[in-house]
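# Coordinate inspection notes
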Amino acid sequence: MNVTIYHNPACGTSLNTLELIQHAGIQPTVIEYLKTPPTRDQLAKMIADAGLTVRQAIREKGTPYATLGLDNPNLTDDQLLDAMLKDPILINRPFVATPMGTRLSRPSEMVLDILPSDAFKGPFTKEDGERVLDDEGKRIV
């Protein structure tokens, strides 16, 4: 299965998402988006494919979001995309694209919606101790 994750290795949610993908036996294409940001077209498509607005795809915490005045409701999607491309830390993470869809995997178990459910053969626990998959590899709701 062809899977791409827009990843930040310093982010716990991104790390958990990557580990869930690998737990399914999939070696994804890992794009460290802070080093290699998507193009404008890629970013806009990824956001749309995930069913989000541009504003929903902006990361506020730990970013210059407020300093840049990006909370201004009059800013257009184009202006917000420009800001995200200029300073990729503003792109929320991790975005994951598979043939089954695209998701902003926050929380990390959102990635399960776009991975084959039969790929998981055992339990998975996030780094914070939260169990996501039971002993049979089934999602814990």
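Up top you'll find the structure we're talking about.
So, here is what we can say about the structure in this document. (Residues numbered from 1 in each chain as written. Predicted model: local features only at pLDDT ≥ 70, side-chain atom pairs only at ≥ 80, totals over all residues. Heavy atoms only, no water.)

In terms of helices and strands, the chain carries three helices and six strands. Put simply, the chain runs from its N terminus to its C terminus through helices and strands in the order β-α-β-α-α-β-β-β-β. Since a compact globule built from 141 residues should have a radius of gyration of about 14 Å, the 16 Å found for the chain is in line with a globular shape. Oriented by its inertia axes, the alpha-carbon framework of the chain measures out at about 50 × 30 × 25 Å. (Helix = DSSP H or I, 4+ residues; strand = E, 2+ residues; numbered from the N terminus. Rg over C-alpha atoms; globule rule 2.2 N^0.38 Å.)

Between helix H2 (residues 40-49) and helix H3 (residues 77-86), the least distance of the axes is 11 Å, while the angle of their chain directions is 115°. Once H2 is placed against H3, the crossing between them reads as right-handed. Only Asp78, Leu81, Asp82, Met84 and Leu85 of H3 make contact with H2, whose side of the interface consists of Arg40, Leu43, Ala44 and Ile47. Across the contact of H2 with H3, the residue classes break down as six nonpolar, no polar and three charged. (Axes fitted to C-alpha atoms, helices over the stretch in contact; angles between N-to-C directions. Left-handed = near helix turned anticlockwise from the far one by under 90°. Contact = heavy atoms within 4.5 Å. Nonpolar A, V, L, I, M, F, W, Y, C, P; charged D, E, K, R; others polar.)

Taken as a whole and judged by the stated rule, the model has nine salt bridges. One salt bridge connects glutamate 32 with lysine 35, and the closest N-O pair in it is separated by 3.4 Å. By relative accessible area, which is 67% here, lysine 35 ends up exposed. Residue glutamate 109 pairs with lysine 126 through a salt bridge whose shortest N-O separation is 2.9 Å. One end of the pair, glutamate 109, is in the loop between strand E4 (101-104) and strand E5 (124-125); the other, lysine 126, is in the loop between E5 and strand E6 (131-133), with 17 residues separating them in the sequence. (Salt bridge = Lys/Arg side-chain N within 4 Å of Asp/Glu carboxyl O. Buried < 20%, exposed > 50% of the residue type's maximum accessible area, 1.4 Å probe, protein only.)

Bringing the pairing of strand E3 (residues 95-98) into the picture now. As judged from the three bridges shared by strand E1 (residues 4-7) and E3, these two strands associate in the antiparallel manner. When the bridges of E3 are listed, isoleucine 5 appears paired with valine 96. Strand direction decides the pairing type here: E3 and E4, joined by four bridges, are antiparallel. Bridge pairing in E4 places valine 96 opposite arginine 103. (Pairing = 2+ DSSP bridges.)

Turning our eyes to something else, we now look at the pairing of E1. Burial along E1 is two-sided: the face carrying Thr4 and Tyr6 and the face carrying Ile5 and His7 are both buried. Here four bridges tie E1 to strand E2 (residues 29-32), and the two strands are oriented parallel to one another. Across the sheet, histidine 7 pairs through a bridge with glutamate 32, a residue of E2. Read from E1 through helix H1 (residues 12-23) to E2, the crossover connection turns out right-handed. (Right-handed = clockwise from strand over helix to strand, strands pointing away.)

Right, let's talk about the environment of methionine 46 for a bit. Mapped onto the elements, methionine 46 comes out in helix H2. In sequence terms methionine 46 and asparagine 2 are 44 residues apart; their C-alpha atoms lie 15 Å from each other. Beyond its immediate sequence surroundings of up to four residues, methionine 46 is in contact with Tyr6, Pro38, Phe95 and Thr102.

Two orientations exist for strands paired in a sheet by backbone hydrogen bonds: parallel and antiparallel. On the basis of which strands lie adjacent, the open sheet formed by four strands has the order E2-E1-E3-E4 and mixed pairing. Among the strands making up the open sheet, the edge pair consists of E2 and E4. Within the sheet, the average angular offset between the axes of one strand and its neighbour, ignoring direction, is 15°. Across the sheet, H1 touches E1, E2 and E3, and the angle it forms with E1 is around 160°.

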